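Structure at a glance
Chain by chain, the residues run as shown.
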Amino acid sequence: MKVLKDILYKVSLISTTGDMEMRIQNIVFDSRKVVERSVFVAIPGTQVDGHDFIEVAIEKGATVIICEKLPEQLKDGIAYIQVVSSAKAMGIMAANYFDNPSERMKVVAVTGTNGKTTTVTLLHQLFMEMGYSVGLLSTVENKINSEVIPATHTTPDSVSVQALLRQMLDAGCTHCFMEASSHAIVQERIAGLKMAGAVFTNISHDHLDYHKTFDEYIKAKKKLFDELPKDAFALVNADDKRGMVMLQNCKGTHQTFGLKTPADFKAKIISNTLEGLELEINNKLIWFRMIGAFNAYNLLGVMGTAVLLGEDEEEVLRELSGIKGAKGRFDRISIGGITAIVDYAHTPDALDNVLKTINGVRTGNEQLITVVGCGGNRDKTKRPIMAKIAVQESDKAILTSDNPRFEKPMDILKDMLEGVSPTELRKTLTIEDRKEAIKTACMLSNKGDIILVAGKGHEDYQEIEGVKHHFDDAEVVKELLTQFTQS
Ligand SMILES: CC(=O)N[C@H]1[C@@H](OP(=O)(O)OP(=O)(O)OC[C@H]2O[C@@H](n3ccc(=O)[nH]c3=O)[C@H](O)[C@@H]2O)O[C@H](CO)[C@@H](O)[C@@H]1O[C@H](C)C(=O)N[C@@H](C)C(=O)N[C@H](CCC(=O)O)C(=O)O
Ligand SMILES: Nc1ncnc2c1ncn2[C@@H]1O[C@H](COP(=O)(O)OP(=O)(O)OP(=O)(O)O)[C@@H](O)[C@H]1O
Ligand SMILES: N[C@H](CCC[C@H](N)C(=O)O)C(=O)O
Ligand SMILES: [Mg+2]
């Protein structure tokens with residue numbers, strides 16, 4: 001058990017009332033999870049305000065309340081701590097509670113619209129191959145070396161982040177590679193973390209439902225770099241025009257990577273096929289198993305990070321050359337002469353990149369059929385753009401459901417269809433049921449054809465009205481292709 005005043009170290013306080021020597025059990029931000037002697041942190045959210053649950057939390061046993069606005073009536077025996085930002089205070093308190101694990105490890109955060117999971121997964125695999133004990137926080141899974149801890153978010157809440165880092169430290173980890181989503185940065189889920197470095201992959205259209213404007217979305221990513229300490233490195237994609245924006249107010253060491261503009265870490269694409277990428281780096285030709293020009297950026301981000309963490313560039317490239325990447329990112333399934341690609345592209349830029357990659361390597365004699373949908377209760381403005389890209393860059397597009405969440409799938413499909421011109425409707429099908437959509441793509445395919453199933457990648461569920469039903473694109477594709485090519 002910890003003492004209250006100790007976990008408040010470095011928190012910006014407005015006022016305190018009550019016994020600062022109080023012993024506390026844990027830190028919670030959800031009144032439903034309060035136990036005896038909990039610290040309850042009241043956070044204003046997107047749905048409700050945590051301040052409305054202060055009384056309930058006290059009834060359940062909370063003895064410390066962290067809040068931005070003090071309740072009108074203060075209760076005896078309870079410590080009330082007023083702070084500027086409850087979310088930020090929670091991150092710092094969680095770090096103190098777990099004895100600041102990030103100060104004893106090298107933690108690198110990766111942000112950007114696309115490529116975060118790929119970059120951190122490659123880094124995790126690379127450092128494991130190089131003999132380190134390594135932690136991973138990612139959309140697909142969290143890991144302590146090879147032990148998998150299921151992930152619920154791309155970046156967990158700050159208490160979970162610190163608890164996981166503590167477990168990593170206890171397991172001997174020297175490094176942790178983590179994704180920093182824009183939601184997490186704004187919601188201060190990474191407050192209290194000491195970063196050894198941060199990486200910016202790129203920024204393109206996504207999450208405008210949450211950030212409202214593209215400027216606000218850029219600001220969210222930039223906050224990660226603004227808050228880096230002096231001894232950290234900031235590695236950004238120089239070919240993305242927002243790369244330099246990230247560095248504007250960054251105190252850390254500025255470093256860049258790129259394929260087009262001069263950069264500290266640069267490469268040239270020599271060949272790009274469905275088998276992999278050949279890159280020229282520092283006058284050496286190196287073969288990688290990753291597919292698509294966009295992965296050249298991810299590889300450069302990984303190489304730059306490893307070198308900035310003090311690793312030998314030659315060894316890094318040797319190991320990186322053999323690594324495969326994250327699940328559900330350009331996964332190829334070949335059955336009966338038909339190639340299916342399962343990919344997590346769920347933004348316009350990602351879909352465009354994946355389709356351009358496929359179009360760049362195909363012969364043109366085969367058909368390319370794309371099956372894609374858009375998630376419900378997420379940025380609506382990306383829907384027509386994604387449909388337009390799918391239709392324009394494929395021979396046939398089958399628009400279908402992704403995770404409809406609490407929206408009606410047909411409403412999402414209507415938004416998508418807004419992006420398809422009347423002439424392109426000829427090559428567009430709309431099939432709400434995702435399995436039927438994949439089945440139709442398989443039935444329409446002949447030997448040599450390519451099917452892209454985009455949007456869900458590694459996800460093994462389809463979320464409908466709050467319930468996650470088992471659904472795995474790769475599994476469905478394998479089952480149907482086997483059925484059709486054998487009959
Ligand atoms: C929109 C969003 O990001 N929401 C996150 C946010 O919840 P919120 O602000 O909506 O919370 P709220 O329901 O309004 O409640 C406010 C406060 O009252 C508390 N409360 C609420 C009810 C109650 O009875 N008692 C109580 O104490 C809540 O615990 C909370 O502290 O804070 C929660 C705790 O950290 C997150 O779980 C939740 O993620 C939701 C589930 C979510 O879907 N988030 C997605 C959009 C997300 O974060 N995605 C990014 C990746 C995006 C990407 O880059 O692709 C991620 O990092 O995963
Ligand atoms: N560097 C990149 N630039 C553009 N597109 C990319 C890049 N890397 C990956 N992609 C595409 O974006 C998709 C998602 O990649 P990845 O999962 O690595 O991104 P992410 O940033 O972690 O996404 P999320 O925000 O959902 O966590 C991939 O399936 C691929 O289609
Ligand atoms: N991290 C992203 C994942 C989107 C994946 C896609 N399948 C969807 O459900 O929209 C989000 O929460 O917006
Ligand atoms: Mg991710």
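Residues numbered from 1 in each chain as written. Chains lettered and ligands numbered in written order. Predicted model: local features only at pLDDT ≥ 70, side-chain atom pairs only at ≥ 80, totals over all residues.

With that settled, the discussion passes to the overall build of the protein. Along the protein, the regular secondary structure elements total 16 helices and 27 strands. Compactness check: the protein gives a C-alpha radius of gyration of 24 Å against a globular reference of 23 Å for 487 residues, within 12% of the reference. Overall size of the protein, expressed as C-alpha extent along the three principal axes, is 75 × 55 × 40 Å. Relative to its full complement of 487 residues, the protein shows a buried share of 51%. Sequence separation of at least 24 residues holds for 66% of the intrachain contacts in the protein that already meet a minimum separation of 6. (Helix = DSSP H or I, 4+ residues; strand = E, 2+ residues; numbered from the N terminus. Rg over C-alpha atoms; globule rule 2.2 N^0.38 Å. Buried ≥ 20, exposed ≤ 12 C-beta atoms within 10 Å, placed from the backbone. Contact = placed C-beta atoms within 7 Å.)

Attention now goes to the site of ligand 1. The environment of ligand 1 is made up of 21 residues, and the closest members are G45, Q47, G50, H153 and S181. Ranked by residues supplied to the shell around ligand 1, first place goes to helix α6 (residues 182-186) with three residues. Grouping the constituent residues of the shell around ligand 1 by class yields six nonpolar, 12 polar and three charged. Domain assignment of the residues forming the shell around ligand 1 places at least three in each of domain 1 (2-97) and domain 2 (99-322). (Near = placed C-beta within 6 Å. Nonpolar A, V, L, I, M, F, W, Y, C, P; charged D, E, K, R; others polar. Domains from an automatic or database assignment.)

Take the UniProt feature "domain: Mur ligase central" (unreviewed entry) in the protein next. UniProt tags residues 110-305 as "domain: Mur ligase central" (unreviewed entry). For the annotated span residues 110-305, helix accounts for 34% and strand for 27% of the residues, and the straight-line distance between the end C-alpha atoms is 10 Å. (UniProt positions renumbered as here; feature names shortened; annotations may be inferred.)

Residues in close proximity to ligand 2 total 24 residues, the closest being N114, G115, K116, T117 and A350. Among the elements that make up the shell around ligand 2, the one with the highest residue count is helix α12 (residues 348-361) (four residues). Across the shell around ligand 2, the residue classes tally to six nonpolar, 13 polar and five charged. Composition of the shell around ligand 2 by domain shows at least three residues from each of domain 2 (99-322) and domain 3 (331-486).

Taking strand neighbours across the sheet as the criterion, the three strands line up as β17-β18-β19 in an open arrangement whose pairing is antiparallel. Edge positions in the open sheet fall to β17 (268-273) and β19 (284-288), since each of these has one partner strand only. Ignoring which end each strand starts from, the neighbouring axes of this sheet average 15 degrees apart. When strand β18 (residues 276-281) meets β19, the two strands line up antiparallel, connected through five bridges. From the neighbouring strand, I281 faces β19, where its bridge partner is K284. (Pairing = 2+ DSSP bridges. Axes fitted to C-alpha atoms, helices over the stretch in contact; angles between N-to-C directions.)

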